[in-house]
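# Topology and contacts: notes
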Amino acid sequence: MEPNDERLKITVPRLVVGGVRSGVGKTTFVAGLVGALRRRGLRVAPFKVGPDYIDPSYHARMAGLPCRNLDSWMVPRDAIVELFARATNAADVAIVEGVMGLYDGRNGCDDEGSTAEVAKLLGAPVVLMVDVGKTSRSAGAVVLGFRDFDPGLNLAGAILNRVGSAVHRQWVSEAVEIGAGLPVFGCLPGCDDLVLPERHLGLIPTGEAAPDDDFFECLIGQVEASVAVDRLLDLARSAPHLAVGRSGIFPEVPKEPRVRVGLALDRAFTFYYEDNLDLLRAWGADLVPFSPIEDSAIPDDLDGLYIGGGFPELFAGDLADNHSMLRSICAAAGSGLPVYAECGGLMYLSEGIVDFEGRRHSLVGAIPTWSSMAERLTMGYRVASARIDNLLLERGENVRGHEFHWSELASPVPAETAAYELVEKDGRFEGYARGNILASYLHLHFASRPDLARRFVAACEATRAGTSGVSSGGSSIRGSGFNTELPILREEGPPGMKIYFQGRHGEERKVGGETGGGSARSATAPAARSLYPVCLDVVGRRCVVIGGGEVAERKVVSLLEAGAHCVVISPELAPRLCRLRDDGRLEHVSRPYLEGDLAGAFLAIAATDDGLTNQAVADEAGRRGVLVNVADDPSHCDFTLPAVLRRGDILVTISTGARSPAIARRVREEIERFLTSEHVVLLEIASAVRTDLRTQGLEVSGDVWNWALDDDLLGLVRRGKVDVAREVLTARLIGQSKEES
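Our subject in this report is the structure included herewith. Bear in mind that the values here come from a model prediction, so they are computed numbers and not experimental data. (Residues numbered from 1 in each chain as written. Predicted model: local features only at pLDDT ≥ 70, side-chain atom pairs only at ≥ 80, totals over all residues. Heavy atoms only, no water.)

### Some words on the pattern of salt bridges
Should the charged atoms of two oppositely charged side chains come close, the side chains can pair. Worth spelling out the cut-off: Here, a salt bridge means any side-chain nitrogen of Lys or Arg that lies within 4 Å of a carboxyl oxygen of Asp or Glu. We count a stretch as a helix when DSSP gives it H or I for four or more residues in a row; a strand needs E for two or more, and each element gets its number in order from the N terminus. With a 1.4 Å probe rolled over the protein chains alone, any residue whose accessible area is under 20% of its type maximum counts as buried; one over 50% counts as exposed, and the rest are partly exposed.
What the rule picks out here adds up to 34 salt bridges. Between Arg 382 and Glu 403 there is a salt bridge whose closest N-O contact spans 2.6 Å. One end of the pair, Arg 382, is in strand 20 (residues 367-386); the other, Glu 403, is in strand 21 (residues 398-409), with 21 residues separating them in the sequence. Look at Glu 403 and you get buried, because its relative accessible area is 1%. With a closest N to O distance of 3.2 Å, Arg 449 and Asp 451 form a salt bridge. Side by side, Arg 449 and Asp 451 carry an identical accessibility label, which is buried. Each of Arg 39, Arg 40, Glu 217, Glu 224 and Asp 230 takes part in salt bridges that share partners, so that together they form one network.

Here's what the structure looks like:
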């Protein structure tokens, strides 16, 4: 069918395989049946009812085509049949595996979300999978009950599994065919060698560690030997043709690709609904796969990131060891790139994962909490209401989703940054939404609302155009007493130190977030040039310098040493900047500054002799929330803020003014993104050690914050060796003191 046809049609032969309950062998049988049909030269379109991600990986492997989900609770009925029609347009036959028992769905009152409902929507005949192990004539009673439970369902026959002997096969077949009046299309023997591998969340996905080809060949052979495959094919061909209306989830005509979206796809991240990917492509997204485990950085020239679910807890060590990828994703999130993450993606974006053995693995750190493996499974359908505008929803809009995870967040996400309120779970907050990031344990099917895929593509397109399509969503700073319109600083102190400082010149403001349990106190905000450092990670981030003279040269050298991606906009360059450009170390735009040059920037430095240009840069930065330094000129801000870059002890002055709350939010985000519990512990150690040395008459110069950047010391703290870290730091500071004296 052409995309602009007014009507779609379902003409494909189709068959639904339901079960009397979970665990009766549906997945194994359907995988074998799909393989047997493919051996006959047929193009098989496989489907799975419900929100499952793992079972479809087996059917996709056997079919050589994607397996799609049909979830009639998450997705409206008209969208279900449209998705099916589109996916089967070029197929010879469609095989649908059911979920749980044939009539199991959202509740016990009706068939909403059940395999039976999907079968009726598709006009498809159903065969019932029955585990007849440890039973004989009772199998007939079971099938009879399923046949008569819903007269509107075309229950056309049965497949009997775990048949023990020839006599057993005769008895159970007679019970079903005579007692229930339905044909038996096959009897599969119990065979431990043909059991698919499982673990804590069910089957192991084929993209990770599936059985080898010999296993699947044996499975196909068993199905062909035990099941009347051609009779099932004839049954599928008996399904009537259906006319299908359009639901509005697809554009009338597919859009040309206009944004590039990075798709995290490897053995740690495999959980994606195929229809989600189709919808993103239809609305103009070019999906670019990358591996958070194997690749060193995200692909170039991206406009968004989509990080789906999977098993990051099983590959946490590999993910944590790929430091360059972690920096790349953190830099992308910090630069304003839209990032959408589900379940495993949420875990990956957090500070890190505590695995089943209690080991801690530091990860991206874009979300200010850890995830840890729990003792119980969280699962079920959810109705979620958006608490703030985000990448997919406007505040107050509802969406249907599904949870299925063994992990939990170590600390609740603050209410002001929670993505959703779960309507049917006593208003429990869920997920994280702030500015360009939306991450949640909820798995969403983009066909559940006609605007989800379109909005995400639109947010990515706004990023490419240099505008913001989503509001910032508020602060999630630890502690209390913060006015979100005021900038904040870090205040050094003894153990139990105050972490965040907030205020303007001469005003009395509270210092919140005290780690030692004391109450917040009042303090006078620092003068314009006080050295209160904030740690910024500029590795791989786009830093734009306006100007090419000596001041710009000093800033550029510092940024390059810290690992930033530097862009210099100036008609002329100082000699050293020319050499750096010629060596390929910086990007040069040979013209004066223009409005829009700060699109996608993390940091802007206005280093020209023209006050009007510097003012214009500061104004654009304020609108975009880009950190800005008007070099050596504090007149455009309430105070200046020296920032210790991630590598070394380099100071770059970042100007942030109260008239620009967008910049103040960015500073808060950077502090919160970087400040982990290990940093706090190390800062407390450094303050205590320096105090002890002073009592011994040893004066140590410098800022103790710099010691919180030491990877070796942080590694000791992460491994619980706090006393060793203290000893190492004490020795270093004594050595430094002796050198200075």
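### Considering unusual backbone geometry
Although it is not a glycine, Lys 134 sits at a positive phi angle of roughly 65 degrees. On the secondary structure map, Lys 134 appears in the loop between strand 6 (126-131) and helix 5 (138-149). Assessed through its relative accessible area of 90%, Lys 134 is described here as exposed. At Cys 343, a position not held by glycine, the phi torsion is positive, near 50 degrees. Here Cys 343 lies in the loop between strand 17 (339-342) and helix 13 (344-349). In this structure Cys 343 comes out as buried when scored by relative accessible area, which is 6%.

### Considering the sheet that holds strand 14 (residues 285-290)
This is how the line gets drawn: Only when DSSP finds a minimum of two bridges between them are two strands counted as paired. Axis angles are defined between N-to-C directions and span 0 to 180 degrees, where every axis is a line fitted to C-alpha atoms and, for a helix, only to the segment in contact. By the convention used here, residues are in contact when the closest approach between their heavy atoms is within 4.5 Å.
If you walk across this open sheet you meet the six strands as 14-12-15-17-25-24, and the pairing is mixed. Each edge of the open sheet is held by one strand with a lone partner, namely strand 14 and strand 24 (432-434). Adjacent strand axes in the sheet meet at a mean angle of 15 degrees when their direction is disregarded. Against the sheet, helix 10 (residues 274-282) engages strand 12 (259-264), strand 14 and strand 15 (304-307), with an angle of about 130 degrees to strand 14.

### Remarks on the environment of Ser 411
By the element assignment, Ser 411 lies in the loop between strand 21 and strand 22 (420-422). Distance in space between the C-alpha atoms of Ser 411 and Pro 368 is 9.0 Å, their sequence separation being 43 residues. Residue contacts for Ser 411: discarding those within four places in its chain leaves Pro 368 and Thr 369.

### A few points about the packing of aromatic side chains
Two aromatic rings, taken as a pair, are described by how far apart their centres are and by the angle between their planes. Spelled out, the test is: A pair of Phe, Tyr and Trp rings is counted when the ring centres sit within 6.5 Å of each other, with Trp represented by its six-membered ring. The angle between the planes then sorts it: under 30 degrees is stacked, over 60 is edge-to-face, the rest tilted. In this scheme, the term charge over a ring applies when either NZ of a lysine or CZ of an arginine sits within 6 Å of the ring centre and within 35 degrees of the ring normal.
Within this structure, the stated rule accounts for 15 aromatic pairs. On the numbers, 4.6 Å between centres and 35 degrees between planes, the contact of Trp 73 with Tyr 381 is tilted. A residue pair is termed long-range when its members are at least 10 positions apart, and Trp 73 in the loop between strand 4 (68-70) and helix 3 (77-87) and Tyr 381 in strand 20 qualify at 308 residues. The ring of Trp 370 has Arg 360 sitting right over it, with the charged end atom 3.9 Å from the ring centre. Above the face of the Phe 429 ring, Arg 387 is positioned so that its terminal group lies 4.1 Å from the ring centre.

### Some details on the nonpolar core
Applied cut-off: To qualify as a nonpolar core, a set must consist of buried Ala, Val, Leu, Ile, Met, Phe, Trp, Tyr and Cys residues joined through side-chain atoms within 4.5 Å.
Core analysis: the largest hydrophobic core is formed by 165 residues, its most contacted members being Phe 29, Leu 160, Tyr 348, Leu 349 and Leu 392. Looking at which element gives the most residues to this core, the answer is helix 1 (residues 26-39), with seven residues. In this structure Tyr 348 touches Phe 269, Pro 292, Ile 307, Leu 319, Met 325, Leu 326, Ile 329, Leu 363 and Val 364, once residues within four positions along its chain are discounted. Counting residues in each nonpolar core, the second largest holds 22 residues, with Leu 586, Leu 603, Ile 605 and Ala 607 among its members.

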